[in-house]
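Reading the structure
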Amino acid sequence: MTGRVLVTGGSGFVGRSVMPLLVRRGFTVHAAGPDPVDLAGVVGHRVDLLDAAQRRAVVADIRPTHLLHLAWYAEPGAYWTSPKNLDWVGASLDLAQAFAEAGGRRLVAAGTCAEYEWGSERLSESRTPCRPATLYGAAKDGLRRVLAAYAREAGLSFAWGRLFYLYGPGEQPGRLVGDTIRRLLAGERIPTTEGLQRRDFLHVDDAAEALAALLAAALEGPVNVGSGRAVPVREILARIGALTGRADLIGFGERTLPPGDPAVIEADVARLRGELGVAPGRDLDEGLAQMVERYRALPPGAP
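First things first, this report covers the structure right here in the doc.

Cut-off values and rules
- Residues numbered from 1 in each chain as written.
- Predicted model: local features only at pLDDT ≥ 70, side-chain atom pairs only at ≥ 80, totals over all residues.
- Heavy atoms only, no water.
- Helix = DSSP H or I, 4+ residues; strand = E, 2+ residues; numbered from the N terminus.
- Expected span 1.5 Å × (residues − 1).
- Buried < 20%, exposed > 50% of the residue type's maximum accessible area, 1.4 Å probe, protein only.
- Arc of directions from axis to C-beta.
- Contact = heavy atoms within 4.5 Å.
- Polar contact = N/O pair within 3.5 Å; in protein donor to acceptor, adjacent residues only side chain to side chain.
- Pairing = 2+ DSSP bridges.
- Axes fitted to C-alpha atoms, helices over the stretch in contact; angles between N-to-C directions.

**Focus: helix 9 (residues 284–297)**
Along an α-helix, a turn takes 3.6 residues, which lines up residues three or four apart on a common side. Between the first and last C-alpha of helix 9 there are 20 Å, a value that for 14 residues agrees with the 20 Å anticipated at 1.5 Å per step. What helix 9 keeps buried is the set Leu284, Gly287, Leu288, Met291, Val292 and Tyr295. Looking straight down helix 9, one finds that the buried residues subtend no more than 135° of arc, so they occupy a single side. Pointing more than 90 degrees away from the buried face of helix 9 are the exposed residues Glu293 and Ala297. The secondary structure elements touched by the buried residues of helix 9 are strand 7 (165–167), helix 5 (176–185), strand 9 (198–203), strand 11 (230–232) and helix 7 (233–244). Capping the start of helix 9, aspartate 283 holds a side-chain oxygen 3.0 Å from the backbone nitrogen of aspartate 285, two or three residues further along.

Right, here's the structure in full:
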C-alpha cells in the first residue's frame, strides 16, 4: 500500500532515517517542519506545526493518504517535565483531524516506552499497564488513547510505534551514546553511576525500518519498537570506552542513581517480529563502532 505520505519531524533524528526508506517503498514523501529537508525524493515544507493555520494549510495542500507523525518537543532532559508536551498533544490531535478531513487513510504516530508502568521485566503492549511516571509519558499515553478513539469514529487505520532507547548518527547533544563518545574523544572525564540499570537500545536505522514497515502495513494499535534485549548501561559505556581507548576516563560509581530509576526497561517485541515481520538486525558492537569512527572523523567542535 503506497500513496502520498506526510512526515512530521522529517529533519529530526528518526525522520532523517525513515524518509529514504519510504521513498524506496514507492511513497511520494512530503516532510513538514521548521527546518529545511534536503533528501532525494522528498518534498520539504517549512511549517510551524504548532501554528494551526500552517499545519492545516500544509495538509490541505498535500492531501496525504498517509501520515507519519514524529514531531514532538525533544530537548534532552527537559522534555520529561516540560509543559510544551501539552502544546504537542493539542497540535497532534488537530493534525489528525485535518488529515482525516482531507481524506487520509493511514495514521502512524511515534510513542514512547515512558507510557508504561516501569517495573515489569519485559514491557508488553497487551499485558503491561500504561501508568506513566512523567508528564512526557502521560502526554504520549493520553494522545494515543484519544487518537485510537478518534480513528475508530473517523474510519482511520491507526498504529502507534512505541519507541525505546534509540542511538545512532545524528543524535542531539544530551543523549547518552553520542555524548559519551564526544566527551571521551575530547579527553573529558565522565562521572557516572554504577551503570547496573538495564536499557533496551536500538539503532535509529532499525527503528526507521520498523516505522516504515508499520506505515505500509495494515497492523493497528501499539507496537513496541525496540531490540528486545536490555543491556546494562555500564556495558554500553565500557564498550565505548574500549572503542575510544579512554576507558580510564569513565568514573563508575561517582554519581548516585536517581530515586525511582527502574532497574530494567526492555521491550517485548513479539508484535514487531511476529505480526509486523521486522527483526532488528544491527549488532550493538557494530553500531557503536560505526558511531565512534564517525565522531573521530568530525572536525573539532562539530555536533
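**A look at unusual backbone geometry**
Phi angles above zero are rare outside glycine, and arginine 63 is one such case at about 50°. In this fold, arginine 63 is placed in the loop between helix 2 (52–62) and strand 4 (66–69). The class of arginine 63 is partly exposed, set by a relative accessible area of 44%.

**A short note on the sheet that holds strand 5 (residues 106–112)**
One open sheet holds the seven strands; their spatial order is 3-2-1-4-5-6-10, and the pairing between them is parallel. Two strands bound the open sheet, and with one partner strand each, they are strand 3 (42–46) and strand 10 (221–225). The average angle at which neighbouring strand axes cross in this sheet is 20°, direction not considered. With four bridges joining them, strand 4 and strand 5 adopt parallel strand pairing. Note that in strand 5 the partner of histidine 66 across the bridge is arginine 106. Where helix 4 (residues 135–154) meets the sheet, it contacts strand 5 and strand 6 (157–163), and its direction lies at approximately 165° from that of strand 6.

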